[in-house]
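# Coordinates in review
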Amino acid sequence: MGRKYANPPILEAVCEFRLSRKTPWDITVPGRVYEKLREEFPLREDRVVEDWDITYHPVRSRGPILREPRLLCFTNEKNLFIQLGRRLLSVHVVRPYPTWSAFKPRIAKAWESLAGIVEIRGLSRIGLLYVNRIEAPSLEGNLKDYFDFYPFLGEHVARDVANFMLAVEYRYADGRDRCVTILSSSMKSSKTFFLEIDYFLFQSELIPPTEAISWVEEAHSRVEEIFEGCITDRLREQFQPVES
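Residues numbered from 1 in each chain as written. Predicted model: local features only at pLDDT ≥ 70, side-chain atom pairs only at ≥ 80, totals over all residues. Heavy atoms only, no water.

### Quick word on the packing of helix α1 (residues 29-37) against helix α2 (residues 100-115)
Two elements in contact, α1 and α2, have axes whose closest approach is 9 Å; the angle formed by their N-to-C orientations is 130°. The pairing of α1 with α2 is recorded here as oblique in orientation. α2 is crossed by α1, and the crossing has right-handed handedness. The segment α1 lies against α2, with V29, V33, K36 and L37 engaging K109, A110, S113 and L114. Here the residues of the contact of α1 with α2 are counted per class, giving 5 nonpolar, 1 polar and 2 charged. (Axes fitted to C-alpha atoms, helices over the stretch in contact; angles between N-to-C directions. Helix = DSSP H or I, 4+ residues; strand = E, 2+ residues; numbered from the N terminus. Parallel < 35°, antiparallel > 145°, perpendicular 65-115°, else oblique. Left-handed = near helix turned anticlockwise from the far one by under 90°. Contact = heavy atoms within 4.5 Å. Nonpolar A, V, L, I, M, F, W, Y, C, P; charged D, E, K, R; others polar.)

### Structural notes on the side chain of S113
By secondary structure assignment, the location of S113 is in helix α2. On the basis of relative accessible area, S113 is assigned to the buried category, the value being 8%. Excluding anything up to four places from it in sequence, S113 contacts V33, K36 and L37. (Buried < 20%, exposed > 50% of the residue type's maximum accessible area, 1.4 Å probe, protein only.)

### Observations regarding the pairing of strand β6 (residues 88-94)
Along β6, 6 of the 7 residues are buried, which leaves the element largely enclosed by surrounding structure. In this sheet, β6 lies alongside strand β2 (residues 10-19) in antiparallel orientation, the contact comprising 7 bridges. Bridge pairing in β6 places E12 opposite V94. As paired strands, strand β5 (residues 80-85) and β6 are joined by 6 bridges and run antiparallel to one another. Considered in β6, the bridge of G85 is made with L88. The antiparallel pairing of β5 with β6 creates a hairpin that spans 2 residues between the two strands, and R87 there sits at a positive phi of about 55°. (Pairing = 2+ DSSP bridges.)

### Examining the pattern of salt bridges
Scanning the model with the defined rule gives 20 salt bridges in all. Residues D177 and R176 are paired through a salt bridge, measuring 2.7 Å at the closest nitrogen-oxygen approach. Grouping residues by exposure puts D177 and R176 together as buried. Several salt bridges share partner residues, and in doing so they unite E16, R18, R125 and D198 into one network. (Salt bridge = Lys/Arg side-chain N within 4 Å of Asp/Glu carboxyl O.)

Written as structure tokens, this is what we have:
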């Protein structure tokens, strides 16, 4: 992200739209959207998933868990799929990441397909999430060689850290948006880390549906800035920067 990399660390990216309760909805909507997208996303699967309750709090994982029916539509390669639920549309891509210029048109097409079927009367949340899996070959106990975003330990705090999770929530766009950035260690390997960047609309319905894709483009720019601000040149070299 930000700069182009031959070996980007992106494990998964998700763009999510949650519609306001003012938007009409019925159980036929997911199937009708699938019919519009089936040429590009021919494989479909019905699931019941556990998900957080958006009415409780806009931040992921901060709320009651609900069991919800979902329709998933996959490409033939299965590395890119669309998820449809009650007033929910999300577009997912898993490694290998196809670049933003390839991912964004899929997001726009899915959104336009939904908007062509349902009168979208408001957005309670839009979110753009990137999960990065980072392998640091030789930390030597010093995170700052690789990260500019890491937990600080004072002189009198124990140094033998088994695992950690650092989470910070930032305000953007005069408080309209928020971004939760999390750096955590892996319980399986001392050289593996996860950097999650979740940028989302915090103040519900301030973005009209007609500006949803413009908001997503702006969100992606913020995610790029945060990612680049979290890592050092030493780690960038591992991702193999590509000259524009």
